Amino acid sequence: MPTPKTMRPLTAAQARKGLELRRKRIHYDPVNLAARYEHLQVTPRMPNFAAWIDGVDLSKPIPARIRRELRQALWDFEVIFLRPQPMSVERHVELASVFGKVSQGSFFERSVEHPNVEMIVTNRERPPGIDNWHTDITWMQYPALGTVIQITETPPSGGNTCWVSTSKAFDALSEGMKQYLMPLSATHTWEASGFRDFLGRYGEEALLQAMRLFKPVSHPVVLRHPQSGRDCLYVNSVFTKRINGLDYRESDGILKLLTDWLQRPEFMVHHAWEKDGIAIWDNRATQHYANADYWPQKRINRRVTFEDPRSPQAGINVFDLVMKGRKTDN
Ligand SMILES: [Fe+2]
């Protein structure tokens, strides 16, 4: 009986061709820095992802020409790093305003005097809890566009943050997989995350309030970035519950494949902090993971988020909203 065509071993020429195609898929031309940037010095940590930015003086207001190039740098490199430097709260908020409408804080505790500013203080009593791969708040219809963070107190050791490029991850998939994923959408919900247990500790009413206020939302599995034009893989292991229209077993399998794929080191930068270092990330083109290895040492993360201006939810404080009305349960 003849061997079916698909079972025949590859010829040497076919194998070479496959290898060439595979190489092509994980290659795209690096941004031409000289043509693109006049005022900033941009040093990529890998092609088209994660760059050091020099030339921003945060001791005074940020001029329009620098603001323009900073935006371009974020679209080109998806996560950008500024050298350690003192940054007042006012300047921190101003830096976030370069990229979008500044949020009033959405999830974490806020500074009383500066409601735009969230503080994540972790120590022995308050262990770190964001050691998972995620895009922020994809359980909202319009998730945050990105965040500016400064680590104002670093632990003596550990406490790195990792970012992964969701555009690189998509770009490296096989053509067949890309075509399969393109038309799909997925359901995202906070209920799939640890937030459910967290709220449960505040009582049944808090949980019900959150369920009433924040219903599951749908996002495309592949998101075309409006500024960079890159296609980004837009599912994450924390909030994405289901690929719509698929049998749950198929959905679970595809999600597992994609969230595993997103952890390839080729798409990832592993950032070691110095005190007062600054990072800015695009929340559509990246996922992040805050390494919890430094506990029980102390670390302080000061953050300001920028929102999608279309969002009717911009500026709301999720935690405050959810806590309203919970008293009946206490
Ligand atoms: Fe996050």
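All residue numbers here refer to positions counted from 1 along the written sequence of the relevant chain. Totals for whole chains, interfaces and linings use every residue, but because this is a predicted model, local features are given only for residues with pLDDT of at least 70 and side-chain atom pairs only at 80 or more, for both listing and counting.

Q: Whenever I open this one, the pairing of strand S3 (residues 79-82) confuses me. Can you help?
A: On any regular strand, side chains alternate: one points to one face of the sheet, the next to the other face. Buried, partly exposed and exposed are defined by the number of other C-beta atoms within 10 Å of a residue's own C-beta, namely 20 or more, between the two limits, and 12 or fewer respectively, with C-beta atoms placed from the backbone. Helix and strand definitions here come from DSSP, where helices need a minimum of 4 consecutive H or I residues and strands a minimum of 2 consecutive E residues; each element is numbered from the N-terminal end. The alternating pattern of S3 places Val79 and Phe81 on one face and Ile80 and Leu82 on the opposite face, and all of these are buried. DSSP-based pairing: two strands are paired if at least 2 bridges between them are found. Pairing between strand S2 (residues 49-54) and S3: three bridges, direction parallel. Bridge pairing in S3 links Trp52 to Phe81. Taken together, S2, helix H3 (residues 64-77) and S3 form a β-α-β motif whose crossover is right-handed. Relative to strand S14 (residues 278-282), S3 runs antiparallel, the two being bridged by four bridges. Residue Ile80 lies in a different strand from S14, and its bridge partner there is Ile280. When the strands point away from the viewer and the connection leading from the first strand across the helix to the second strand turns clockwise, the crossover is called right-handed.

Q: Explain the sheet that holds strand S15 (residues 286-290) to me, please; I cannot follow it from the model alone.
A: Backbone hydrogen bonds are what pair the strands of a sheet, in a parallel or an antiparallel way. Strands sit in the order S13-S7-S15 across an open sheet of three strands; the sheet is antiparallel. The outermost strands of the open sheet, each flanked by one partner alone, are strand S13 (268-271) and S15. This sheet shows a mean twist of 15° between the axes of neighbouring strands, independent of strand direction. Both strand S7 (residues 161-165) and S15 contribute to a ladder of five bridges, which runs antiparallel. Following the sheet pairing, Val164 is matched in S15 by Gln287. Note on method: axes are straight lines fitted to C-alpha atoms, helices fitted across the in-contact stretch only, with angles between N-to-C directions ranging 0 to 180 degrees.

Q: How do you make sense of the environment of His188 when you look at a structure like this?
A: By the secondary structure assignment, His188 is in strand S8 (residues 185-188). When the 27 C-beta atoms within 10 Å are taken as the criterion, His188 is described as buried. Sequence separation between His188 and Arg242 is 54 residues, and the spatial gap between their C-alpha atoms is 7.4 Å. Here, residues touch in the contact sense if the C-beta positions derived from the backbone fall within 7 Å of one another. Excluding anything up to four places from it in sequence, His188 contacts Thr138, Trp139, Pro216, Val217, His219, Phe239, Thr240 and Lys241.

Q: How do you make sense of helix H8 (residues 204-213) when you look at a structure like this?
A: In an α-helix, one full turn covers 3.6 residues, which means residues spaced three or four apart are oriented alike. Among all positions of H8, only Ala206, Leu207, Gln209 and Ala210 are buried. When H8 is viewed along its axis, its buried side chains cluster within an angular range of 160° and face the same direction. What points out from H8, more than 90 degrees from its buried face, is the exposed set Glu204 and Arg212. On its buried side, H8 packs onto helix H7 (195-200) and helix H10 (318-323). This arc describes the spread of directions from the helix axis toward the C-beta atoms.

Q: For this particular structure, what's the right way to read unusual backbone geometry?
A: In most cases, non-glycine residues show a negative phi, while peptide bonds are predominantly trans. Between Trp295 and Pro296 the backbone carries a cis peptide bond, its omega angle lying at 15°. Structurally, the position occupied by Pro296 is in the loop between S15 and strand S16 (299-307). The backbone of Ala50 shows a phi angle near 65°, a positive value even though the residue is not glycine. In this fold, Ala50 is placed in strand S2. Of the residues examined, Ala50 has 24 C-beta atoms within 10 Å and is grouped as buried. A positive phi angle is found at Asp276, which is not glycine, with a value near 70°. A tally of 17 C-beta atoms within 10 Å means that Asp276 is categorised as partly exposed.

Q: Explain the confidence of the model for the protein here, please?
A: Do not read the predicted coordinates in detail wherever pLDDT is low. A residue's pLDDT is simply how confident the predictor is in it, with values from 0 to 100. Considering every residue of the protein, the mean pLDDT works out to 89; 88% of them sit at 70 or more. Contacts of residues 326-330 to residues separated by more than four positions or lying in other chains number 11 contacts, the stretch itself having pLDDT below 50.

Q: Honestly, the sheet that holds strand S12 (residues 240-243) in this entry has me stumped. Any pointers?
A: Ordered in space as S9-S8-S12, the three strands form an open sheet in which the pairing is antiparallel. The open sheet has two edge strands, strand S9 (217-220) and S12, and neither has a second partner. In this sheet, adjacent strand axes meet at a mean angle of 35° when their direction is disregarded. When S8 meets S12, the two strands line up antiparallel, connected through three bridges. By the bridge assignment, His188 is partnered in S12 with Thr240.

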